[in-house]
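Observations on the three-dimensional arrangement
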Amino acid sequence: VEDIDISQFKVMKMENWKSLNVSYDEAINMICKLEMDLEKENKEIEKLKSRMDKSQHKYTKRIEKEVEQKRLEKRRNQSNSKLVDHLKDDLKKKDDTLKRLKDQIKSYKCQVSDMNHQKRQKDRELSETKIQLHHALLELKQEKQIVERLMSE
């Protein structure tokens, strides 16, 4: 039995099988072989489709996971940005409060300095008054002694 090019056989019409110089049984065997080959090819195609579907599913899942991660990262960055803005606002308020308190402290220091100056001034005046009173008292004692001496004479 000669090997016959199966691709030729596929193209021929069924009524032309006799022109291949093969018997009816050989033609049936060839048809069965072609059907088996076709079935094998279909199974291979199904396997490849299944593998392709699995690959595509894995790839799709991976892409979906990456997209979700990017979305979560974006949301986290937005939350962090809002938090940073809030913290900046809070820091600015605290900084303003600190400046105001520093100004108040400076004002109080000036007031205390003025009050200390006034106190020193009053202390000097009081010391001078004490000295004047002491001198006046001494003069009065002397005058008293003079008056007492004059009276006793």
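Quantities reported herein were computed from a predicted structural model and do not represent experimental measurements. (Residues numbered from 1 in each chain as written. Predicted model: local features only at pLDDT ≥ 70, side-chain atom pairs only at ≥ 80, totals over all residues. Heavy atoms only, no water.)

Let's talk about the overall build of the protein
The number of helices and strands found in the protein is 2 helices and 0 strands. Here the protein, with 153 residues, has 5% of them falling under the buried criterion. Looking at the protein as shown, the accessible area adds up to about 14,800 Å², and 55% of this sits on carbon and sulfur atoms. (Helix = DSSP H or I, 4+ residues; strand = E, 2+ residues; numbered from the N terminus. Buried < 20%, exposed > 50% of the residue type's maximum accessible area, 1.4 Å probe, protein only. Areas by Shrake-Rupley, 256 points an atom, 1.4 Å probe, with all protein chains shown as cover.)

Some words on the pattern of salt bridges
Scanning the entire structure with this criterion turns up 7 salt bridges. One salt bridge connects aspartate 96 with lysine 92, and the closest N-O pair in it is separated by 3.4 Å. With aspartate 96 and lysine 92 both in helix 2 (residues 24-152) and 4 residues apart, the pair spans about one turn of that helix. Under the relative-accessibility criterion, aspartate 96 is labelled partly exposed at 37%. Note that lysine 119 is salt-bridged to aspartate 123, the shortest N-O span being 3.4 Å. Linking lysine 119 with aspartate 123, this pair stays in helix 2, spanning 4 residues, or about one helical turn. Given the relative accessible area of 36%, aspartate 123 is considered partly exposed. (Salt bridge = Lys/Arg side-chain N within 4 Å of Asp/Glu carboxyl O.)

Focus: a nonpolar patch on the surface
Taken together, the side chains of Tyr59, Ile63 and Val67 present a nonpolar region at the surface, about 270 Å² in accessible area. Note that tyrosine 59 resides in helix 2. On the accessibility criterion, tyrosine 59 (47% relative accessible area) is partly exposed. (Patch = residues over 30% accessible without salt bridge, like charges linked within 9 Å, V, L, I, M, F, W, Y side chains within 5 Å.)

Describing helix 2
The terminal C-alpha atoms of helix 2, which comprises 129 residues, lie 185 Å apart, in line with the 192 Å expected from a rise of 1.5 Å per residue. If you check which residues of helix 2 are buried, you get Ala27, Met30 and Leu34. (Expected span 1.5 Å × (residues − 1).)

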